[in-house]
Amino acid sequence: MRRVLSFCVLSISSLTAFAQSAPQPPAAAHQAEPSSGYRMPPQAVVDVLDAAPTPDALLSPDSEWMLLVERPAMPTIEELTRPWIGLAGIRVDPALHAPQSTSSITKLTLRTLDGTTSTDVALPVGMRALDVSWAPYSDRFAVTVAGEKGLELYVGGIPSGVLAKVPLPAPLDAVLGRPFNWLAIERGLLVRTIAPEHAGETATSTSTPPAPPGPAVQETSGRSSPLRTYEDLLRTSADESAFERFAQCQLVEYRFSDRSVRLVGQPAMIANVDVSPDGMHLLVSCVKRPFSYALPWYSFPMSTEVWNREGALEWLVADVGAGDDIPMEGVRTTPRNVHWQPTAPARLWWCEALDGGDPRKQAEKRDRWMQLEAPFNSKPTAMFDLVGRARGLDWLDTPERVMATEYDRDRKWTRTSLYDLEHLGERPRVVEDRSVNDRYGDPGSFATVVLATGDHVLRRDGNWLYRIGSGASDEGDLPFLDRYDLDTGRSERLWRSTNTAYERPVAIIASSAGEKPTILTSFESPTEPPNYRVREINSGKTLVLTSFPDPQPAMRAVEQKLVKYTREDGVTLSATLYLPKDRPKGVRLPLFVWAYPLEFTDASTAGQVSGSPNRFVRVRGPSEILFALHGWAVMDNAAMPIVGTPETVNDTFLHQIVMNAQAAIDEADRLGVADPERCAVGGHSYGAFMTANLLAHSDLFKAGVCRSGAYNRTLTPFGFQSERRTIWEAPKSYVELSPFFSADKIKAPLLLIHGEKDDNPGTFTIQSERMYQAIKGNGGTARLVILPGEAHGYRARESVLDTVAEMFDWCDKYVRDVKTDVEKTPHEAGSAK
């Protein structure tokens, strides 16, 4: 077994200056000349990635209609780099008063669920359709469109599907959230539009004001503020003004009956608005000044209020300051998760922390659910307390029963309990109680139905509720539909996918207490692309609704199978192995291992299988699976568990990732499909962090590919991933885990790819730039590729194709084309364990 482990320990005082400086390197052993222009992978790969995905199906609430939504494979770099402004954690498209988006709809088809009627919806000519939404009463749908003057709203009727523009006084404003709500009582819309004082203003960048009014100043004194690292924050008073301008909106009510329009309330920076089930009240959350230069907008001061339908204040639910004093992994002490009870006319629910919002504080109970009913002039009622942190409520269709989910941070445990609000003195029934990592024990999510108000409640037939789950098992995912007996608390399996295909329930179309339901499913197999079916579980009949062709026929040259193996300490692991079908018998291929580390509290859940070998092989973006089309063996989603106590699990991170990687290579070697001397490893984000550490602390791989990673943990001092300790509490761990400080030990060639505009907390683009400089300065071999305009994930066609070409060329040069003594196996690959 090949393994070299070496650990670097530096004092904290010696880190910062080195981390922030660019070292002056000697000449590298292999220093590639910089390249200009985007690169292209082989044409077969280009054709695969250019293929548009199969349409998505959007089912109407009454399950009689569906919209088939088609989108392009990738946007162009011109679309990606449309002007945007980074403000308070949002990338604002100033022309649309909306978050930056490259998504668009190329085709919209309205169909009956029995397949007898199909109508192509005529989208507005010359405009970009962005999103579509059904009305809760199923007689119409809405489409948001990027028009010449901003974001517009169109509504299509049933059955014609003809779109008509909603006449509004100004374009939509979607900067802080969804720009409209459906009104059920009056059959209309409650829309957020650009505030009148800003309507018609020319969109201009505020990043470099002509005459700065003064320095940007921040100050702190005596209060702990453990802040994560964020991108696109406010920096100047001009940024503050720009954020207020784009976030401020005007509520407008539109009625379909008479096409009337009226303003509701005064302009405000509205973060969220919900209409009460009786239609008489609005629950509105508004962002307020003073803004923060260290926090994203959702942690700014905010008020949560109840308005009447005219927009006048009825009751102040909460008025909170900036969230800079919230403990790590903690919550505010003021009311949160405020919402209307869907089965009451106008009753508010919210939870309050009983432990100061601090998960490290010992407490018998952590949260309390409260309620208050209109007219909101009495004292709120305390309903029930939770041992864990509240995760939300799921309502049954009767007002006296609700399911409450809570989370135990220390054990990584989830529990859901059924409460009878008319008998709160009785112990609630526990519906789910398991580790969040226990995929095999996941009972699935309860199915819901949409009420006429647009609210969701659990679907119930007599005493039956329904659960839809992914069905993780030792054979891979086998999706299922169960029903749950409210009287006994027992579940009955109604249907499960076979182990020769992958079929998942999308929605329940019809159900009753006396018969098993009819469901809409998505069916696929290794040779059949996903298509929609109506399956009558009671009769066993199946109706095929769609027959989308294979969008990527070249990928049928790739075969997949689930492999299971064991690392040296006995933890069971798994991966999906992809191989070219035309692999000559007995030939060992170069191996590409792609992984992402996950933390577990015990070995049993760490060893559970994820994914399915029965899915249709299709790729989106710069997928590692494309290496199999390029003549490699690929171990995708190779299990990379880190097992241990949540507080200290990272102390053994390095040792465990090396064990995981060694086990993966050994299995590919045992199967006779790969040459153990020609292995590459790669990962994205935390997977890139893992990759750099594997090259620094082992000799298992000949090269590595890191995409959008973080390599210097002193630049994320208040925690990262699942790390709960700050750098001041665990300095040794932060340093040892940072591959930046072990750059001198990275001898295998490392390809670093990063988006120029990475928006993910902690993975700033400078992380890859400094890592490249560190390797270069120590005489190592590395290549740094910065993708223009890209964020944490890569979207533009030019970027995606370039990334694939870079990965292929790098791994071919340093791994595939390296001659070794092990190129063939004396026997064909055996079966997986």
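The preceding data block contains the structure.
Draft legend 1. Representation of the overall build of the protein in the model. Secondary structure assignment for the protein yields 11 helices and 48 strands. For 833 residues, the compact-globule estimate of 2.2 N^0.38 gives 28 Å, and the C-alpha radius of gyration of the protein, at 28 Å, lies within 12% of that figure. Along the three orthogonal principal directions, the C-alpha set of the protein runs to about 80 × 75 × 60 Å. Within the span of the protein, comprising 833 residues, buried residues form 57% of the whole. For the protein, the share of sequence-separated contacts (at least 6 apart) that also reach a separation of at least 24 residues comes to 61%. Just so you have it, the protein exposes about 33900 Å², and 49% of that area is on carbon and sulfur atoms. Mean positive and mean negative side-chain charge positions of the protein (89 and 106 charges, respectively) differ by 3 Å.

Draft legend 2. Structural view of the sheet that holds strand β9 (residues 140-146). Strand order in the open sheet made by the 4 strands is β8-β9-β10-β11, with antiparallel pairing throughout. The strands lining the two open edges of the sheet, one partner per strand, are β8 (128-134) and β11 (163-165). Between one strand and the next, the sheet's axes are offset by a mean angle of 30 degrees, whatever the strand orientation. As defined by bridge partners, β8 adjoins β9 across 6 bridges and the pair is classed as antiparallel. Bridging across to β9, arginine 128 finds its partner in alanine 146.

Draft legend 3. Representation of helix α10 (residues 765-777). The terminal C-alpha atoms of α10, which comprises 13 residues, lie 19 Å apart, in line with the 18 Å expected from a rise of 1.5 Å per residue. Considered for burial, the residues of α10 that qualify are Thr765, Gln767, Ser768, Arg770, Met771, Ala774, Ile775 and Gly777. The first or second residue beyond α10 is glycine 779, which carries a positive phi of 80 degrees.

Draft legend 4. The environment of tyrosine 440, seen in detail. You can see tyrosine 440 is positioned in the loop between β27 (429-435) and β28 (445-446). In sequence terms tyrosine 440 and serine 610 are 170 residues apart; their C-alpha atoms lie 9.4 Å from each other. For tyrosine 440, the residues in contact, after removing those within four places along its chain, are Ala472, Ser473, Asp474, Gln608 and Val609.

Draft legend 5. The packing of aromatic side chains, seen in detail. For the structure on display, the rule yields 31 aromatic pairs. Relative to tryptophan 728, the ring of phenylalanine 718 has its centre 5.3 Å away and its plane inclined at 45 degrees; by these criteria the two rings are tilted. Here the residue phenylalanine 718 occupies a position in the loop between β46 (703-707) and α9 (731-737), and tryptophan 728 occupies one in the loop between β46 and α9, the gap between them amounting to 10 residues. Taking the relative accessible area as the measure of exposure, phenylalanine 718 reaches 23% and is therefore partly exposed. Through pairs of rings, three or more aromatic residues link up here, namely Tyr596, Phe653, Tyr686, Phe689, Phe720 and Tyr734. The positively charged end of arginine 140 is found above the aromatic ring belonging to phenylalanine 256, 3.9 Å away from the centroid. Seen from the ring of phenylalanine 480, arginine 493 lies directly overhead, with NZ or CZ sitting 4.2 Å from the centre.

Draft legend 6. Highlighting unusual backbone geometry. In this model, isoleucine 158 is joined to proline 159 through a cis peptide bond whose omega is 10 degrees. Tracing the chain through its elements places proline 159 in the loop between β10 (151-157) and β11. Proline 290 follows arginine 289 through a cis peptide bond whose omega is 0 degrees. At serine 708, a residue that is not glycine, the phi angle is positive and equals roughly 55 degrees. The residue serine 708 is located in the loop between β46 and α9 in this model. Using a relative accessible area of 0% as the deciding quantity, one classes serine 708 as buried.

Draft legend 7. Geometry of empty space enclosed by the protein. Counted according to the given criterion, the structure contains 1 cavity of 30 Å³ or more. Here the largest cavity defines a volume of roughly 40 Å³. Lining the largest cavity, in full, are Val48, Leu49, Ala51, Ala73, Met74, Gln552, Val619, Arg620 and Gly621. Taken together, the residues of the lining of the largest cavity sort by class into 6 nonpolar, 2 polar and 1 charged.

Draft legend 8. Seen up close, the sheet that holds strand β20 (residues 336-340). Sheet architecture is open: 4 strands sit in the order β20-β21-β22-β23, paired in antiparallel fashion. Both edges of this open sheet fall to β20 and β23 (381-386), since each of them pairs with a single strand only. Each adjacent strand pair in this sheet contributes to an overall mean axis angle of 20 degrees, direction not counted. As paired elements, strand β22 (residues 367-373) and β23 share 5 bridges and run antiparallel to each other. Its bridge partner being in β23, methionine 370 is matched across the sheet by alanine 382.

Draft legend 9. A look at the layout of surface pockets. Its volume calculated, the second largest pocket comes out at about 530 Å³. In terms of lining, the second largest pocket is formed by 33 residues, of which the most central are Pro53, Thr54, Arg71, Pro72 and Arg620. Those elements that place two or more of their residues in the lining of the second largest pocket are β36 (518-525) and β37 (528-536). If one sorts the elements of the lining of the second largest pocket by residue count, β37 sits on top with 3 residues. Its residues assigned to classes, the lining of the second largest pocket shows 15 nonpolar, 8 polar and 10 charged.

Draft legend 10. Representation of the packing of helix α2 (residues 43-50) against helix α11 (residues 797-816) in the model. Between α2 and α11, whose axes approach to 11 Å, the crossing angle comes to 140 degrees. Considering how the two elements wind past one another, α2 and α11 form a crossing that is right-handed. Contacts from Val45, Val46, Leu49 and Asp50 in α2 reach Arg797, Val800, Leu801, Val804 and Phe808 in α11. Residue composition of the contact of α2 with α11, grouped by class: 7 nonpolar, no polar and 2 charged.

Draft legend 11. Molecular detail of the packing of helix α7 (residues 653-670) against helix α8 (residues 686-697). For the pair α7 and α8, interaxial distance at closest approach is 10 Å and the crossing angle is 85 degrees. Relative to α8, the element α7 is oriented roughly perpendicular. Between α7 and α8, the residues in contact are Phe653, Leu654, Ile657, Val658 and Ala661 and Tyr686, Phe689, Met690, Asn693, Leu694 and His697, respectively. Among the residues making up the contact of α7 with α8, the classes are represented as 9 nonpolar, 2 polar and no charged.

Draft legend 12. Just the nonpolar core, in detail. Formed by 63 residues in total, the largest nonpolar core has its most connected members in Tyr565, Leu591, Met635, Ile657, Phe701 and Met771. Per-element tally for this core: the top contributor is α7, with 9 residues. Formed by 36 residues, the second largest nonpolar core is a distinct cluster that contains Val46, Tyr578, Ile625 and Val815.

Draft legend 13. How the structure looks around the pattern of salt bridges. Throughout the structure, instances matching the rule amount to 53 salt bridges. Residues lysine 107 and aspartate 120 are paired through a salt bridge, measuring 3.9 Å at the closest nitrogen-oxygen approach. Taken together, the residues lysine 107 in strand β6 (residues 107-112) and aspartate 120 in strand β7 (residues 118-121) connect sequence positions 13 residues apart. Between glutamate 240 and arginine 289 there is a salt bridge, and its shortest N-O distance comes to 3.0 Å. With glutamate 240 in helix α4 (residues 237-247) and arginine 289 in the loop between β17 (281-287) and β18 (302-308), this residue pair connects regions lying 49 residues apart in the sequence. Overall, glutamate 240 belongs to the buried group, its relative accessible area being 14%. Given the relative accessible area of 38%, arginine 289 is considered partly exposed. Each of the salt bridges in this network shares a partner with another, and the network as a whole consists of Glu186, Glu253, Arg255, Arg262, Arg309 and Glu310.

Rules of the game
- Residues numbered from 1 in each chain as written.
- Predicted model: local features only at pLDDT ≥ 70, side-chain atom pairs only at ≥ 80, totals over all residues.
- Heavy atoms only, no water.
- Helix = DSSP H or I, 4+ residues; strand = E, 2+ residues; numbered from the N terminus.
- Rg over C-alpha atoms; globule rule 2.2 N^0.38 Å.
- Buried < 20%, exposed > 50% of the residue type's maximum accessible area, 1.4 Å probe, protein only.
- Contact = heavy atoms within 4.5 Å.
- Areas by Shrake-Rupley, 256 points an atom, 1.4 Å probe, with all protein chains shown as cover.
- Lys, Arg positive; Asp, Glu negative; His and termini not counted.
- Charge placed at Lys NZ, Arg CZ, Asp CG, Glu CD.
- Pairing = 2+ DSSP bridges.
- Axes fitted to C-alpha atoms, helices over the stretch in contact; angles between N-to-C directions.
- Expected span 1.5 Å × (residues − 1).
- Phe/Tyr/Trp six-rings, centres within 6.5 Å; stacked < 30°, edge-to-face > 60°.
- Lys NZ or Arg CZ within 6 Å of the ring centre and 35° of its normal.
- 1 Å grid on protein atoms, 1.4 Å probe; cavity = no way out; pocket = protein on both sides within 12 Å on 5 of 7 lines; lining within 4 Å.
- Points joined across faces, edges and corners; volume = space filled by probe spheres on them.
- Nonpolar A, V, L, I, M, F, W, Y, C, P; charged D, E, K, R; others polar.
- Left-handed = near helix turned anticlockwise from the far one by under 90°.
- Parallel < 35°, antiparallel > 145°, perpendicular 65-115°, else oblique.
- Core = buried A, V, L, I, M, F, W, Y, C linked by side-chain atoms within 4.5 Å.
- Salt bridge = Lys/Arg side-chain N within 4 Å of Asp/Glu carboxyl O.

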